[in-house]
Amino acid sequence: LTSRSLPKGTIARVGPGSHIVTTTTGDVVVQATDRNAYLGVAGAGAVGIGAIGGAVVLADLNSLVDARVDTGVSITAGGGIRVAATQTENTHGIAIAAAVGGIALTGQIVTINSTAVQNAIISDGAVVPRAGGIVATDATATRTVRILTAGGGIGGIAAGAAIGTANVTGDT
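What counts and what doesn't
Residues numbered from 1 in each chain as written. Predicted model: local features only at pLDDT ≥ 70, side-chain atom pairs only at ≥ 80, totals over all residues. Heavy atoms only, no water. Buried < 20%, exposed > 50% of the residue type's maximum accessible area, 1.4 Å probe, protein only. Helix = DSSP H or I, 4+ residues; strand = E, 2+ residues; numbered from the N terminus. Pairing = 2+ DSSP bridges. Salt bridge = Lys/Arg side-chain N within 4 Å of Asp/Glu carboxyl O.

1. Topic: the pairing of strand 4 (residues 74–77)
Right, on to step 1. Of the two faces of strand 4, both are covered, the one formed by Ser74 and Thr76 as well as the one formed by Ile75 and Ala77.
Right, on to step 2. Sheet topology places strand 2 (residues 19–21) next to strand 4; 3 bridges connect them, and they run parallel. Across the sheet, His19 pairs through a bridge with Ser74, a residue of strand 4.
Right, on to step 3. Of the pairings in the sheet, the one linking strand 4 to strand 6 (residues 127–131) comprises 3 bridges and is parallel in character. Residue pairing for strand 6: Ala77 is matched across the bridge by Ala131.

2. Regarding the pattern of salt bridges
Right, on to step 1. Counted according to the given criterion, the structure contains 4 salt bridges.
Right, on to step 2. The salt bridge partner of Arg13 is Asp70, with a shortest N-O separation of 2.4 Å. In this pair, Arg13 sits in strand 1 (residues 10–14) while Asp70 sits in the loop between strand 3 (28–69) and strand 4, placing the two residues 57 residues apart along the sequence.
Right, on to step 3. For Arg13, a relative accessible area of 53% translates into the label exposed.
Right, on to step 4. On the basis of relative accessible area, Asp70 is assigned to the buried category, the value being 10%.
Right, on to step 5. Notably, a salt bridge pairs Asp66 with Arg68, separated by 2.7 Å at the nearest N-O pair.
Right, on to step 6. A relative accessible area of 22% means that Arg68 is categorised as partly exposed.

Laid out in structure tokens, this is it:
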């Protein structure tokens, strides 16, 4: 490696100056695939004259999936050429709290911020002298983000609040 700063994320790249030649039926595939799973769980229980229970899950999740053929690359393929970036996310946040007492208070908060970027690029300066099949780029994301907040309080005075937010952003 000659780079002092490696790229962040999942990267599949054909760099400048590369020459790829396949057989009469061979395909060229540049594929970057990322599968992320996150499970955040928080729980609390309290018992007493003044019982307070709280549970908090905070998560900032970022992912980059990048498949690319750079400027200065030459690809001659007997078959097709495919550049693909695929991202799969399965995220869950769970907060549960309970309190029992003369005064019982509960609170649960789940906040998930998830950003995902997928790029599939054949740069303008890349050269394809011949392709015997389809030349394609494909960037996809399949994302599931779920939140559960639950709480309960038993007492002479009981109160509770549950807040769940998911901020899901990205670019494909």
